[in-house]
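Structural characterization, general
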2 protein chains.
Amino acid sequence: MRAKVTVYPRREILDPQGKAIRNALRRGGFVEVAEVRAGKSFEIEIDATSEAAARECLERMCEQLLSNPIVEDYELELGSAPE
Amino acid sequence: MRAKVTVYPRREILDPQGKAIRNALRRGGFVEVAEVRAGKSFEIEIDATSEAAARECLERMCEQLLSNPIVEDYELELGSAPE
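Only a predicted model underlies this, so the values are computations on that prediction, with no experimental measurement involved.

Observations regarding a nonpolar patch on the surface
Residue and element names in this part refer to chain B. A surface patch of nonpolar side chains, amounting to about 250 Å² of accessible area, comprises I13, I70 and V71. With respect to the helices and strands, I70 occurs in the loop between helix 2 (51–66) and strand 3 (72–78). Here I70 falls in the exposed class, since its relative accessible area comes to 68%.

Quick look at the structure:
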């Protein structure tokens, strides 16, 4: 089963990297860009018998290793077969 | 308009960061993890009159600044209103 995990700085936390990217884009001529948040993305191939089992395992991974819950939020998207 | 851009190393390119994360997860007890690809994620708030205009602008951004097309692929997801 394939899953996509996205980890972002929490909304209430300053995101200097996102701000720097926003400014670089605007300087590069993309003045339409209002705001950028910069995060990490993990595409994970996981052996699980059910979607519920995969989700439970991914949530533990996110909380223990992939994100820092004090300053980051994560999102899970579960797909099915690999391409 | 809100968009989400994900930038990953191309499939045919080695991803040592993803491999290191996979190994760390497995050492941490998550033996269900078969493979990890590590990428970057950008959540972008963009002022555009239409979805087509936003997509065109985002594609140029990805090709010029957010990704390195030689070794990376990108994915665009266009949402609508910010939360």
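Here the narrative resumes.
Some points on the sheet that holds strand 2 (residues 33–46) of chain B
Strand pairs in the sheet, formed through backbone hydrogen bonds, run parallel or antiparallel to each other. One open sheet accounts for six strands, arranged 3(A)-1(A)-2(A)-2(B)-1(B)-3(B); its pairing is antiparallel. The open sheet has two edge strands, strand 3 (72–78) of chain A together with strand 3 of chain B, and neither has a second partner. Recorded for the sheet is a direction-independent mean angle of 25° between the axes of neighbouring strands. Pairing analysis gives six bridges linking strand 1 (residues 2–9) of chain A to strand 2 (residues 33–46) of chain A, with the strands arranged antiparallel. The partner of A:K4 across the bridge, within strand 2 of chain A, is A:E43. Its contacts with the sheet put helix 2 (residues 51–66) of chain A on strand 1, strand 2 and strand 3 of chain A together with strand 2 of chain B, and the angle it makes with strand 3 of chain A is roughly 155°.

Some points on the confidence of the model for chain A
Predicted confidence across chain A gives a mean pLDDT of 92, with 95% of residues reaching 70 or more. Taken over the whole predicted complex, pTM reads 0.86, whereas the ipTM for its chain interfaces reads 0.85.

Remarks on the packing of helix 1 (residues 16–27) of chain A against helix 2 of chain B
Any two packed helices are characterised by how steeply their axes cross, that is the angle between the axes, and by the distance between the axes. As a packed pair, helix 1 of chain A and helix 2 of chain B sit with axes 11 Å apart at the nearest point and diverge in direction by 105°. When the axes of helix 1 of chain A and helix 2 of chain B are compared, the pair comes out roughly perpendicular. Seen from helix 1 of chain A, the contacting residues are A:I21, A:A24 and A:L25; seen from helix 2 of chain B, they are B:M61, B:L65 and B:L66. Residues that form the contact of helix 1 of chain A with helix 2 of chain B fall into these classes: six nonpolar, no polar and no charged.

Re the interface of chain B and chain A
In this assembly, 34 residues from chain B lie in contact with 34 residues from chain A. Together chain B and chain A conceal approximately 2900 Å² of surface at their shared face, both sides included; 53% is due to carbon and sulfur atoms. The three residues of chain B that bury the most area against chain A are B:F30, B:E32 and B:E43, which together make up 21% of that side's buried surface. Linking chain B with chain A are eight salt bridges, by the criterion used here. A salt bridge links A:E43 to B:R11; the nearest nitrogen and oxygen atoms lie 3.2 Å apart. Summed over the shared surface of chain B and chain A, the result is 22 residue pairs in polar contact (both at pLDDT 80 or more). Contributing elements (two or more residues each) for the side of chain B that touches chain A: strand 1 (2–9), helix 1 (16–27), strand 2, helix 2 and strand 3 of chain B.

Rules used in this analysis
Residues numbered from 1 in each chain as written. Chains lettered and ligands numbered in written order. Predicted model: local features only at pLDDT ≥ 70, side-chain atom pairs only at ≥ 80, totals over all residues. Heavy atoms only, no water. Patch = residues over 30% accessible without salt bridge, like charges linked within 9 Å, V, L, I, M, F, W, Y side chains within 5 Å. Areas by Shrake-Rupley, 256 points an atom, 1.4 Å probe, with all protein chains shown as cover. Salt bridge = Lys/Arg side-chain N within 4 Å of Asp/Glu carboxyl O. Helix = DSSP H or I, 4+ residues; strand = E, 2+ residues; numbered from the N terminus. Buried < 20%, exposed > 50% of the residue type's maximum accessible area, 1.4 Å probe, protein only. Pairing = 2+ DSSP bridges. Axes fitted to C-alpha atoms, helices over the stretch in contact; angles between N-to-C directions. Contact = heavy atoms within 4.5 Å. pLDDT = per-residue confidence, 0-100. Parallel < 35°, antiparallel > 145°, perpendicular 65-115°, else oblique. Nonpolar A, V, L, I, M, F, W, Y, C, P; charged D, E, K, R; others polar. Buried area = accessible area lost by both parts, 1.4 Å probe. Polar contact = N/O pair within 3.5 Å; in protein donor to acceptor, adjacent residues only side chain to side chain.

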